[in-house]
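An overview of the molecular structure
As a plain string of letters, each chain reads:
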Amino acid sequence: MNIYRSKIDLWLIAVLGGSILLPLILFIFLGGPLWLIIVILAPMAGFIIWLYLATRYEIRETDLIIHGGLFKIEMSRNSIISIRKSRNPLSSPAFSLDRLEIKYGANKMVLISPKDEAGFLDALGWSGRLSPPD
């Protein structure tokens, strides 16, 4: 079994970090109570960190399992029809816009962004077999 983590874009780190830091800075400068900052921002920061840590792609002997937060997608490696590079911004278990679009089964599609894309494709048996982008 091989496990691959999601790549994360710097702009996304800035957006997520800013969504936590900006309210914190505003509360501090406007004199908001510290307990309110902790009650609101700590769970938000914890959720974002958990979501990133829970997003991974597992390649097993016969299956590909995609974990994205509370969701899990399981597919047979034999059901994969095509894989191609994509920058599609649709919601997906990926923290980067540098993605792979995997088409599988009967008209199913998922977007992922493994940090080690070449290693992922090699472990999956798709090295050198990418479909051309749109």
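Each remark here, short or long, concerns the structure printed above.
None of the values given here were measured: they were computed from a predicted structure. (Residues numbered from 1 in each chain as written. Predicted model: local features only at pLDDT ≥ 70, side-chain atom pairs only at ≥ 80, totals over all residues. Heavy atoms only, no water.)

1. So, the overall build of the protein
Helix and strand content of the protein: three helices and seven strands. Order of helices (α) and strands (β) in the protein, N terminus to C terminus: β-α-α-β-β-β-β-β-β-α. Compactness check: the protein gives a C-alpha radius of gyration of 18 Å against a globular reference of 14 Å for 134 residues, more than 25% above the reference. In terms of overall dimensions, the protein has a C-alpha envelope of 60 × 30 × 25 Å along the principal axes. Relative to its full complement of 134 residues, the protein shows a buried share of 36%. (Helix = DSSP H or I, 4+ residues; strand = E, 2+ residues; numbered from the N terminus. Rg over C-alpha atoms; globule rule 2.2 N^0.38 Å. Buried < 20%, exposed > 50% of the residue type's maximum accessible area, 1.4 Å probe, protein only.)

2. Digging into the nonpolar core
Within the largest apolar cluster, 18 residues are counted, with the highest numbers of intra-cluster contacts made by Leu64, Ile80, Ile102 and Phe120. When residues of this core are traced back to their parent elements, those giving at least two are strand E2 (56–59), strand E3 (63–68), strand E5 (80–86), strand E6 (99–104), strand E7 (108–112) and helix H3 (117–124). Apart from the residues lying within four places of it in its own chain, the contact partners of Ile102 are Leu64, Met75, Ile80, Ser82, Ile83, Lys108, Met109, Val110, Ile112 and Phe120. (Core = buried A, V, L, I, M, F, W, Y, C linked by side-chain atoms within 4.5 Å. Contact = heavy atoms within 4.5 Å.)

3. A word on the sheet that holds E5
Across the sheet, three strands lie side by side as E5-E6-E7; this open sheet has antiparallel pairing. A strand with exactly one partner marks an edge of an open sheet, and here the two such strands are E5 and E7. Looking at each pair of strands side by side, their axes are set apart by 20 degrees on average, direction ignored. In this structure, E6 lies alongside E7, joined through five bridges in antiparallel fashion. By the bridge assignment, Lys103 is partnered in E7 with Met109. (Pairing = 2+ DSSP bridges. Axes fitted to C-alpha atoms, helices over the stretch in contact; angles between N-to-C directions.)

4. Side note on the environment of Lys7
Position of Lys7 relative to the elements: it lies in the loop between strand E1 (2–5) and helix H1 (10–30). Take Lys7: its relative accessible area is 19%, and that puts it in the buried class. Here the alpha-carbon distance between Lys7 and Pro33, two residues 26 residues apart in the chain, equals 36 Å. Only 2.5 Å separates the side chain of Lys7 from the side chain of Asp98, close enough to count as a polar contact. (Polar contact = N/O pair within 3.5 Å; in protein donor to acceptor, adjacent residues only side chain to side chain.)

Geometry only, nothing functional implied.
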